[in-house]
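Each chain, letter by letter, is given below.
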Amino acid sequence: NLWFSTRHDNVSRYDGQTFTTFRSKDGLVHNGILSIVQDREGNLWVGTWGGGVSRYDGNTWITFTQEDGLAGNYVGTIAQDREGNLWVGTDRGVSRYDGHSFENYPAAAGLWPGPVSCIAEDGQGNLWFGSGLPVLMSAKYSPGSRTSSP
């Protein structure tokens, strides 16, 4: 399957023959889409403009918001690390989802406290977080030591 999203309307799946479109009326929490990624298990994760992050397992949409422990409800980026954790960049920092619960990484952990627009993992397993507001900024997180550096 090939997945597409539009910023203000929907998520669509192309299976090689037909398109299937998902909107809020189909269970997607919000039609404003900012990010989309498929995890190792085949679940689709969709970051929204103010509605948190939604997970689609092929049958059902489940949504996670700040009420569930997510750092913020504007989700600009999503990435899965080599250990299978899902990292979610929000308007209020970074959250890590281990499959059961969210752990937030605020400024006290050395990470950027504001909007996170990109997440990448390097060859050593360090995670890099970037933001374009108000200036380009990146921080590195080393999972083994649980430290970060600008």
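Caption draft 1: Spotlight on the sheet that holds strand 5 (residues 44-48). Pairing is antiparallel across the open sheet formed by 4 strands, whose spatial order is 4-5-6-7. Here the strands that pair on one side only, and so sit at the sheet edges, are strand 4 (33-38) and strand 7 (61-64). On average, each strand axis in the sheet is inclined to that of its neighbour by 20°, with strand direction left out of account. In the sheet, strand 5 pairs with strand 6 (residues 53-56) via 4 bridges, with the strands oriented antiparallel. When the bridges of strand 6 are listed, Leu44 appears paired with Tyr56.

Caption draft 2: Expanded view of the environment of Gly89. With respect to the secondary-structure elements, Gly89 resides in strand 9 (residues 86-90). As a C-alpha pair, Gly89 and Gly47 span 42 residues in sequence and 9.0 Å in three-dimensional space. If near-sequence neighbours (up to four positions away) are discounted, Gly89 is found in contact with Tyr74, Val75, Gly76, Thr77, Val116 and Ile119.

Caption draft 3: Region of interest: the sheet that holds strand 10 (residues 93-97). Spatial ordering of the open sheet is given by 8-9-10-11, a layout of 4 strands whose pairing is antiparallel. One side of each edge strand has no neighbouring strand; the edge strands of this open sheet are strand 8 (75-80) and strand 11 (102-105). For this sheet the average axis-to-axis angle between neighbouring strands, irrespective of direction, equals 20°. With 4 bridges connecting them, strand 10 and strand 11 associate as antiparallel partners. Looking at strand 11, one finds that Arg96 is bridged to Glu103.

Caption draft 4: Representation of the pairing of strand 9. Within strand 9, 5 of the 5 residues are buried, leaving the element largely enclosed by the surrounding structure. Neither face of strand 9 is open: one carries Leu86, Val88 and Thr90, the other Trp87 and Gly89, and all of them are buried. As paired strands, strand 8 and strand 9 are joined by 5 bridges and run antiparallel to one another. Each bridged residue has a counterpart across the sheet, and for Ala79 the counterpart in strand 9 is Trp87. Where strand 8 hands over to strand 9, the hairpin turn is made up of 5 residues, of which Gly84 adopts a positive phi near 95°. Bridge count between strand 9 and strand 10: 5 bridges; the pairing is antiparallel.

What counts and how
- Residues numbered from 1 in each chain as written.
- Predicted model: local features only at pLDDT ≥ 70, side-chain atom pairs only at ≥ 80, totals over all residues.
- Heavy atoms only, no water.
- Pairing = 2+ DSSP bridges.
- Helix = DSSP H or I, 4+ residues; strand = E, 2+ residues; numbered from the N terminus.
- Axes fitted to C-alpha atoms, helices over the stretch in contact; angles between N-to-C directions.
- Contact = heavy atoms within 4.5 Å.
- Buried < 20%, exposed > 50% of the residue type's maximum accessible area, 1.4 Å probe, protein only.

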